[in-house]
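An overview of the molecular structure
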Amino acid sequence: MLFNSLVFLYAFLPLAYWIFRFLRGRTARYIWMTAAGYLFYSFWNPKFCLLMAFSTLVSYLAGLGFLATDHPVKRRFLLVIPVGIDLALLAFFKYADFALGTFNEMATWMHLTTRLRLMEVVLPVGISFYTFHTITYIVDSYRRTITPTRNFFEFSCYVSLFTQLVAGPIVRFREVKDDLERIESAEKRADGNGGWSLFCIGMAKKVLLADTIAAFINPALMEYKHLGTVESWVCMLGYSYQLYFDFSGYSDMAMGLGRLFGIRIPQNFNSPYKAADVRDFWRRWHISLSTCLRDYLYIPLGGRGTAWSTGRNIMITMLLGGVWHGANWTFVVWGAYHGLLLVLHRSMARPWEKLPLGVRRASTFLLVLIGWVFFRSTSFEMAFALLGAMFSWTPFQGMTCFSTLVVLLVLATVVVQGSPNTCEMKHDWRPVLRIGIAMLLLASVFVMYSGQETAFLYFQF
Amino acid sequence: MRFLRTLCELRVLIPILLLVVFAADLASRTISRSWYAFRAWEAVENQRDPGAPFHRNQHSGWEAYGDLAALGNLPAHRAYRREFFSTDEWGYRTSGEAVAGFPPGAILTGDSFAVGQTVNDEETLAARLSMLSGLQVYNAGGRTLDLFALGTIARRLKLDRGTVIYEYLDRTLVPEPPLPIEAPKPRSRKIRPRKFLEEFFSFSPLSVVLRRIHRKIEDDRILPNPSRKNVVVARLKDGSSMLFLPDDDNSPIEREPEQIIRFWRWFAAELGKNGLDLLLVLVPNKSEVYGPLALDYQPKNVGHGAGHERVIQALRSEGILALDLTPILREKAEAALKKGEILYWPDDTHWNREGIRLAAEEIYKVWHTALLRREHR
């Protein structure tokens with residue numbers, strides 16, 4: 001089930017919301033939200049609900065363990081085992097076939113006859129997200145940043161909260177703990193106007209902008225070998241916007257839905273394409289992931305130290321950040337590329353900051369766009385073909401509806417560079433603008449009716 | 001005033017808007033499919049009653065166009081024609097008033113080629129065969145490989161000794177025999193919520209209308225046309241254009257001729273238990289006939305291969321009537337093209353009136369011989 005689907009809008013959301021409102025007690029609401037989350041998840045594959053339930057139980061029990069003991073060795077045991085289990089689940093479902101495939105490719109390269117059979121493991125939707133939720137809970141409990149909850153239903157409600165279950169943001173328990181503990185008075189914190197405003201704008205970003213851009217560039221990128229220089233740049237610019245609108249749109253919808261239920265989901269995007277440097281970019285793009293990587297990987301590795309150790313820690317963090325995105329070497333290269341940019345920025349920060357803001361923003365955007373080539377490419381062949389077309393002149397080969405795409409990208413640039421992001425908006429609109437927001441939703445619903453339902457890009461992660 | 005102010009708040013306005021659209025969706029489901037189907041098949045196809053391929057007692061006309069023009073979203077390639085489609089009380093297509101009084105002689109069955117896509121009732125293969133033979137050829141098209149249905153129809157028509165003319169598209173793989181011969185199972189009354197929701201929201205007349213509007217701007221000028229890759233637009237030798245399905249390697253007759261022989265042998269034997277003879281008619285798909293006549297389209301699987309010959313010869317050697325229309329239609333198509341005529345719709349996968357007329361004549365030649373032979377026994 002997707003947020004941009006009719007079954008969600010007409011059946012699931014009204015049911016989830018009205019039963020939530022009808023139920024009064026805290027436990028009843030926890031149970032209902034847990035059930036709603038599992039129902040939401042089961043639309044993909046009911047069997048994988050068991051996996052999420054297992055991860056939830058393990059993490060909950062670890063939390064109870066932390067409450068029961070102060071012994072450092074036992075606490076370390078309670079940290080390592082559940083986190084290990086979560087990472088093992090993630091590793092198996094996400095990377096098993098990747099590892100086997102890589103082994104087979106290396107065997108071919110080394111002229112060995114050994115081949116391992118791929119297991120064809122099905123990737124459970126959202127596993128990267130809910131395992132991170134449970135891992136952050138365990139680590140924060142170990143660090144005593146939070147007090148683990150004794151209420152199983154509160155914890156299961158947190159893990160299975162449908163608003164961010166399958167494509168983020170990665171919400172830490174401490175960020176929603178207060179709202180969850182006062183869930184029986186959610187109506188006092190619920191913001192229907194702001195919630196629907198965020199939801200409608202997010203839906204429009206996904207359905208009207210991201211999917212429309214995708215309709216232009218995806219057929220062209222399938223024929224990447226035949227793209228000229230201009231088309232390659234236009235396609236990658238389009239992809240930069242598609243990815244941003246798709247992912248930030250989903251995050252907006254998640255925040256909006258959270259507001260309807262009185263749960264404040266934290267901001268995940270802060271106008272990343274307005275970043276003045278790469279470091280600034282990572283403070284604005286997928287904030288929930290970048291802060292997780294910082295707090296649970298970069299800092300434990302040692303964080304900032306000598307130039308060598310800082311560089312090493314950045315590279316490890318960004319490489320693993322790339323790996324998190326998917327089981328493909330192109331993601332690893334993308335992560336390494338950003339790691340390199342961050343390391344270079346550290347040594348060039350002073351001269352960089354002397355440049356005019358416009359130059360810094362444009363340059364940062366250009367560097368990020370180049371990185372998206374690896375992110376988008378399904379193979380190195382595709383990545384290098386695109387980069388080759390982008391950086392060595394190839395005449396214009398033609399592209400369907402090219403002029404319409406250019407107009408759309410100009411509009412996208414105005415939206416991205418010239419307007420506030422959804423978190424900067426007050427969502428307290430004048431009546432005329434409210435009608436406009438409603439029309440955006442109507443247009444999105446009409447596009448959904450016309451059979452254009454498409455999954456969010458970050459579902460694959 | 002206060003009411004209007006409240007109404008304009010998003011927390012009220014959005015749910016009301018969604019409710020209104022949902023109500024419109026529900027209301028649209030009460031509209032007959034005839035209003036928005038682009039041809040008869042989708043309007044009258046019966047997906048609820050497994051015993052009848054079409055809704056019963058339908059009498060409607062359409063300004064229809066071809067499935068390939070629809071599949072590829074190519075309005076410029078549509079060839080509009082009037083299609084009058086009637087069904088009888090059992091949910092099968094009728095052959096028009098002219099043949100109503102004829103004595104029963106045969107049952108024609110098969111897929112949409114037998115039913116008669118976008119032709120009128122009196123232009124279908126069954127109607128043509130009826131006119132040629134003076135016997136009623138009942139159009140049981142739409143129920144493929146269903147021996148139970150054929151037995152039921154034969155009993156209804158009181159057809160003790162007759163022929164089942166089976167139109168068999170050569171792209172279709174038949175299963176390994178034997179098949180169970182049983183009455184169709186009624187739809188399960190068990191409600192599965194998830195399946196129900198998925199089915200309910202996967203289709204609605206409102207979505208059909210909105211999809212059509214959206215497809216109008218998917219014209220490769222405003223928005224790209226993602227459906228374009230679903231069809232091939234080719235130029236024939238006379239300069240006219242024709243749509244095809246993209247090339248595929250699917251030729252079960254060439255791949256699995258023995259399985260096909262086994263199946264039809266078994267099928268004929270089962271029919272024989274009810275006093276019915278089988279006349280198997282191999283019908284070529286469009287690429288087989290017009291592929292060789294296209295200038296810029298060379299489908300891989302054109303080539304009247306050994307598999308076709310093997311199936312026909314094997315069945316004939318066992319006394320089963322079998323006819324391969326492929327070489328006949330190819331020859332006729334080439335001759336017709338020189339006169340600017342075609343045997344298949346340019347915007348559809350199916351044969352047109354002229355193609356059906358020629359096919360009926362060839363089938364009748366074989367059937368007539370069998371009829372005479374039976375009379376003399």
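Rules used throughout
Residues numbered from 1 in each chain as written. Chains lettered and ligands numbered in written order. Predicted model: local features only at pLDDT ≥ 70, side-chain atom pairs only at ≥ 80, totals over all residues. Helix = DSSP H or I, 4+ residues; strand = E, 2+ residues; numbered from the N terminus. Rg over C-alpha atoms; globule rule 2.2 N^0.38 Å. Buried ≥ 20, exposed ≤ 12 C-beta atoms within 10 Å, placed from the backbone. Contact = placed C-beta atoms within 7 Å. Axes fitted to C-alpha atoms, helices over the stretch in contact; angles between N-to-C directions. Parallel < 35°, antiparallel > 145°, perpendicular 65-115°, else oblique. Left-handed = near helix turned anticlockwise from the far one by under 90°. pLDDT = per-residue confidence, 0-100. Domains from an automatic or database assignment. Expected span 1.5 Å × (residues − 1). Core = buried A, V, L, I, M, F, W, Y, C linked by C-beta atoms within 7 Å. Pairing = 2+ DSSP bridges. Bend = angle between axes of the 7 residues up to and from the residue. Nonpolar A, V, L, I, M, F, W, Y, C, P; charged D, E, K, R; others polar.

Looking only at helices and strands, chain A has 18 helices and 0 strands in total. Its C-alpha atoms give chain A a radius of gyration of 23 Å, within 12% of the compact-globule value 23 Å for 461 residues. For chain A, the C-alpha atoms occupy an extent of roughly 65 × 60 × 50 Å along the three principal directions. Within chain A, the proportion of its 461 residues that are buried is 43%. Taking the contacts inside chain A whose residues are at least 6 apart along the sequence as the reference set, 77% of them involve residues at least 24 apart.

Along its length, chain B carries 15 helices and 9 strands. Taken over the C-alpha atoms alone, chain B extends approximately 90 × 50 × 40 Å along its principal axes. Taken across its 377 residues, chain B has 40% of its residues classed as buried. The long-range fraction of contacts in chain B, counting pairs at least 24 apart against all pairs at least 6 apart in sequence, stands at 75%.

Turning our eyes to something else, we now look at the packing of helix 18 (residues 431-449) of chain A against helix 2 (residues 10-28) of chain B. Contact geometry of helix 18 of chain A with helix 2 of chain B gives a least axis separation of 10 Å together with a crossing angle of 30°. Judged by the angle between their axes, helix 18 of chain A and helix 2 of chain B are roughly parallel. By crossing handedness, the relation of helix 18 of chain A to helix 2 of chain B is classed as right-handed. Side by side, helix 18 of chain A and helix 2 of chain B meet where Arg434, Ile437, Ala438, Leu441, Leu442 and Val445 of chain A of the first sit next to Leu10, Leu13, Ile14, Leu17 and Val21 of chain B of the second.

Right, let's talk about the confidence of the model for chain B for a bit. On average, chain B scores 88 in pLDDT, and the residues at 70 or more come to 96%. Complex prediction metrics read pTM 0.88 and ipTM 0.88.

The partner chain B presents 24 residues to the 28 residues of chain A that form the contact. Those elements that place two or more of their residues in the side of chain A that touches chain B are helix 1 (6-22), helix 9 (192-222) and helix 18 of chain A. The dominant element in the side of chain A that touches chain B, judged by the number of residues it contributes, is helix 18 of chain A, at 9 residues.

Turning to the domain arrangement of chain A, a few remarks are in order. Residues and elements named next belong to chain A. Taken as a whole, chain A is organised into domain 1 (6-188) and domain 2 (193-460). Contact residues are listed per partner, giving 24 residues for domain 1 and 23 residues for domain 2. Among the elements of the structure, helix 1, helix 4 (72-109), helix 5 (127-142), helix 7 (173-181) and helix 8 (186-189) are those that each provide at least two residues to the side of domain 1 that touches domain 2. Among the elements that make up the side of domain 1 that touches domain 2, the one with the highest residue count is helix 5 (4 residues).

All names here are of chain A. The first and last C-alpha atoms of helix 10 (residues 229-260) sit 46 Å apart over 32 residues, in line with the 46 Å expected at 1.5 Å per residue. Judged by how many residues are buried, helix 10 sits mostly within the fold: 28 of 32 residues are covered. Phi turns positive one or two residues past the end of helix 10, at Gly262, with a value near 75°.

Time to look at the nonpolar core. Judged by nonpolar contacts, the single largest core of 126 residues is most densely connected at Tyr158, Leu165, Cys200 and Cys235 of chain A. The element that contributes the greatest number of residues to this core is helix 9 of chain A, accounting for 16 residues. There are two domains that each give this core at least three residues, and those are domain 1 (6-188) and domain 2 (193-460) of chain A. Of all hydrophobic cores here, the second largest spans 84 residues; its members include Ile153, Ile261, Leu271 and Leu280 of chain B.

All names here are of chain B. With respect to topology, 5 strands assemble into an open sheet ordered 4-3-5-8-9, the strand pairing being parallel. Since the sheet does not close on itself, it has two edges, and those belong to strand 4 (136-139) and strand 9 (321-324), each with one partner. Sheet twist, expressed as the average angle between the axes of neighbouring strands with direction ignored, equals 20°. Inspection of the sheet shows strand 3 (residues 104-110) paired to strand 4 by 4 bridges, in the parallel sense. Counterpart to Ile107 in the pairing with strand 4 is Tyr138. On the sheet, helix 13 (residues 306-317) packs against strand 8 (276-283) and strand 9 and is oriented at approximately 160° with respect to strand 9.

All names here are of chain B. Along the chain, Thr94 turns up in the loop between strand 2 (81-86) and strand 3. For the pair formed by Thr94 and Leu323, sequence separation is 229 residues and the distance between their alpha carbons is 24 Å. Among residues more than four places away in sequence, those in contact with Thr94 are Ser86, Thr87, Asp88 and Asp121.

Further remarks concern unusual backbone geometry. In this chain, Pro177 of chain B is followed by Pro178 of chain B through a cis amide linkage whose omega measures 0°. Located in the positive-phi region is His286 of chain A, a residue other than glycine, with phi close to 45°. For His286 of chain A, a count of 22 C-beta atoms within 10 Å puts it in the buried group. Its identity is not glycine, yet Asp220 of chain B carries a phi of approximately 65°, on the positive side. Here Asp220 of chain B is to be found in the loop between helix 9 (205-217) and strand 6 (232-235). For Asp220 of chain B, a count of 13 C-beta atoms within 10 Å gives the class partly exposed.

All names here are of chain B. Along the chain, Glu318 falls in the loop between helix 13 and strand 9. Classification of Glu318 by C-beta neighbours within 10 Å gives partly exposed; the count is 13. Taking the C-alpha atoms as reference points, Glu318 and Arg11, 307 residues apart in sequence, are found 75 Å from one another.

Along its length, helix 14 (residues 329-353) of chain A shows its largest kink, about 65°, at Ser347 of chain A, and proline Pro351 of chain A lies within four residues downstream of that point. Buried within helix 14 of chain A we find Thr330, Phe331, Trp334, Gly335, His338, Gly339, Leu341 and Leu342 of chain A.

Where helix 9 of chain A meets helix 2 of chain B, the axes come as close as 7 Å, and the angle between the chain directions of the two elements is 50°. As judged from the angle between their axes, helix 9 of chain A and helix 2 of chain B are oblique. Contacts from Gly192, Asn193, Trp196, Ser197 and Cys200 of chain A of helix 9 of chain A reach helix 2 of chain B at Leu10, Arg11 and Ile14 of chain B. Here the residues of the contact of helix 9 of chain A with helix 2 of chain B sort into 4 nonpolar, 3 polar and 1 charged.

All names here are of chain B. Assignment of secondary structure puts Gly307 in helix 13. Exposure remark for Gly307: the 19 C-beta atoms within 10 Å place this residue in the partly exposed category. With 56 residues separating them along the chain, Gly307 and Ser251 place their C-alpha atoms 9.1 Å apart. Beyond its immediate sequence surroundings of up to four residues, Gly307 is in contact with Ser251, Ile253, Glu254 and Pro257.

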